[in-house]
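Fold and contact review
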Amino acid sequence: MRRSFRLFLSVLTVAVLGTATARADEGGVGNEQAVALPTDLHAGFLVADPGPAFYSAYGHCALRLTCPSHDLDYCFTFCMDATPKNYIDFFRGKAYAQYACVATDTYMKEYVDEGRSVTVYDLNLDAEQVRTLWQLLDEEAMSRPHIYFDMLRNHCSSMSVRGMKRCLGSDKLVFDSLPEPLCGSYRDYLHSMSAERPWVDFIWSTMLGAVGEEKGRTEDKLAPPYLVEALQHAHFVSEEGAERPVLTGQQEVLFTGQADYTRDGFPPIVLFLILSAVALLVSIGERLGKGKKVAWGFDALLLTVQTLLGLVMVYLCFFSALCVGHKALIVLVLNPLPFVLWLVARKKRWYKKVWVVYAVVLMAYVLLVFVTPQVDIPHVLMALPLLIRCGAKAIYRR
């Protein structure tokens with residue numbers, strides 16, 4: 001939605017909710033009916049089922065605010081405009097997002113079109129807290145994007161919870177217990193959410209780097225799959241020590257979808273096993289003096305893919321300000337150095353040693369599976385075709 005339209009919606013909402021306050025200042029004590037502030041204000045977490053894309057693999061969350069007496073029903077969602085510049089800024093680690101104000105009917109269209117179920121869980125906030133929340137979110141929606149966006153720490157759910165906390169005043173949000181995945185590292189938490197989406201799990205695990213072993217804050221890990229479960233075991237605590245549950249227990253199903261995006265059809269392990277088998281067959285054929293053109297084509301494919309992915313990972317690891325990618329061991333496998341050496345030194349007499357050295361590096365990476373969670377079975381299998389071909393080149397090359 002265009003920024004100007006979001007601005008219009010926010011200004012309209014502030015105007016409607018603020019009218020009663022203005023009348024209270026002008027109307028005096030004797031005009032109680034005219035100056036009464038609306039009390040039928042409600043807030044809830046809107047949670048959508050997982051979607052087909054990588055960024056929607058865990059679902060989506062927004063804050064839904066309603067005022068039936070004024071026919072107001074809006075969602076405030078933390079998001080980044082989908083423009084090429086913003087995608088580039090995201091990988092640079094310089095992307096900024098904001099809360100966007102969208103009419104609920106309009107907001108629901110994407111989920112209805114994709115067949116994704118949407119449920120709203122009512123928050124146990126009083127009218128004054130909802131009013132404060134509404135005003136704060138309106139101000140955020142009217143501002144320029146200024147909140148760092150990284151999908152790991154600042155995302156739709158974590159920012160929805162942080163937005164809610166800003167309206168609590170002296171009350172505090174206390175979790176009595178948390179789902180087990182939220183008590184571990186970022187890698188454990190993401191691996192648990194991605195159990196049925198192996199490609200999503202593989203991409204996250206590849207990108208995380210050293211930050212994957214950090215525990216992080218609880219709010220960072222309140223993604224849609226765990227948000228409701230965590231809040232069901234949480235309370236608001238007042239200054240006097242009085243407790244009330246965060247969720248009222250009421251929920252409204254806005255749409256029941258039939259689509260199921262919770263499973264990937266072709267896991268990366270299968271792909272890497274196939275590539276490894278092909279690499280082995282190509283190497284045997286090369287040894288027997290057959291299929292040299294096939295071997296050359298297969299090596300070219302591996303080198304091209306490795307170089308392209310390597311450029312991305314080297315950038316994330318050494319140049320990007322994005323929180324993921326730093327100290328990522330995957331750069332031992334995915335980096336452009338083999339291509340550079342092939343480009344400038346493939347006719348040198350010592351070039352055979354390059355295959356030996358890189359085969360040793362790949363073997364060392366494979367053995368790290370016993371040392372660090374950064375290296376797991378899918379990544380070992382990803383390195384295996386390269387290891388087979390490097391080993392074969394080192395042995396057979398004259």
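The structure presented is a predicted model; accordingly, all values stated were derived computationally and were not measured.

**Here we look at the packing of helix α8 (residues 198-208) against helix α10 (residues 268-287)**
The geometry of α8 relative to α10 is characterised by a closest axis approach of 8 Å and an angle of 80° between their N-to-C directions. The orientation of α8 relative to α10 falls into the category roughly perpendicular. Here P198, W199 and F202 of α8 lie close against α10, whose contacting residues are P268, L271 and F272. A breakdown of the residues in the contact of α8 with α10 according to their chemical character gives six nonpolar, no polar and no charged.

**Observations concerning the packing of aromatic side chains**
Scanning the entire structure with this criterion turns up 12 aromatic pairs. When the centroid spacing of 6.0 Å and the interplanar angle of 85° are considered together, the rings of W199 and F202 count as edge-to-face. Pair noted here: W199 and F202 are both in helix α8, with a separation of three residues, about one helical turn. Judged by relative accessible area, W199 falls into the partly exposed class, the value being 26%. Every member of this aromatic cluster is reached through a ring pair, and the members are F78, F90, F91, Y99 and F149. It is R346 that lies over the ring of W342; its NZ or CZ is 4.4 Å from the centre.

**Describing the pattern of salt bridges**
Counted under the stated rule, the structure contains 19 salt bridges. Across the salt bridge formed by K393 and E286, the nearest N and O atoms sit 3.4 Å from each other. On the criterion of sequence distance, the pair formed by K393 in helix α14 (residues 377-396) and E286 in helix α10 is long-range, its members being 107 residues apart. Of the charged contacts, one joins D299 and R389 as a salt bridge, the two residues approaching to 2.7 Å between their closest N and O atoms. With D299 in helix α11 (residues 292-318) and R389 in helix α14, this residue pair connects regions lying 90 residues apart in the sequence. With respect to burial, D299 and R389 carry one shared label: buried. What you see here is one network of salt bridges that share partners, running through R162, K165, R217, E219 and D220.

**Here we look at the sheet that holds strand β1 (residues 42-48)**
Strand order in this open sheet of seven strands is β6-β4-β3-β2-β1-β5-β10, and the pairing throughout is antiparallel. The strands lining the two open edges of the sheet, one partner per strand, are β6 (147-148) and β10 (247-255). Bridge count between strand β4 (residues 96-103) and β6: two bridges; the pairing is antiparallel. Paired with Y96 across the strands is Y148, a residue of β6. The strands touched by helix α5 (residues 127-142) are β1, β2 (60-67), β3 (72-79), β4 and β6; relative to β2, the strand with the most contacts, the crossing angle is about 120°. Sheet contacts for helix α9 (residues 224-231): β1, β2, β5 (118-123) and β10; angle to β1, the most-contacted strand, approximately 140°.

**Details of the confidence of the model for the protein**
Per-residue pLDDT for the protein has a mean of 89; in total, 90% of the residues score no lower than 70. Confidence drops under a pLDDT of 50 for residues 19-34, and excluding neighbours within four residues, the segment shows nine contacts in the predicted structure.

**A closer look at unusual backbone geometry**
Keep in mind that most residues, glycine aside, have a negative phi and that most peptide bonds are trans. The phi dihedral of D71 is positive, around 55°, even though this residue is not glycine. With respect to the helices and strands, the residue D71 is situated in the loop between β2 and β3. In this structure D71 comes out as exposed when scored by relative accessible area, which is 70%. Phi at M151 takes a positive value of approximately 70°, unusual for a residue other than glycine. Among the structural elements, M151 can be located in the loop between β6 and α6 (156-165).

Calculation rules
Residues numbered from 1 in each chain as written. Predicted model: local features only at pLDDT ≥ 70, side-chain atom pairs only at ≥ 80, totals over all residues. Heavy atoms only, no water. Axes fitted to C-alpha atoms, helices over the stretch in contact; angles between N-to-C directions. Helix = DSSP H or I, 4+ residues; strand = E, 2+ residues; numbered from the N terminus. Parallel < 35°, antiparallel > 145°, perpendicular 65-115°, else oblique. Contact = heavy atoms within 4.5 Å. Nonpolar A, V, L, I, M, F, W, Y, C, P; charged D, E, K, R; others polar. Phe/Tyr/Trp six-rings, centres within 6.5 Å; stacked < 30°, edge-to-face > 60°. Buried < 20%, exposed > 50% of the residue type's maximum accessible area, 1.4 Å probe, protein only. Lys NZ or Arg CZ within 6 Å of the ring centre and 35° of its normal. Salt bridge = Lys/Arg side-chain N within 4 Å of Asp/Glu carboxyl O. Pairing = 2+ DSSP bridges. pLDDT = per-residue confidence, 0-100.

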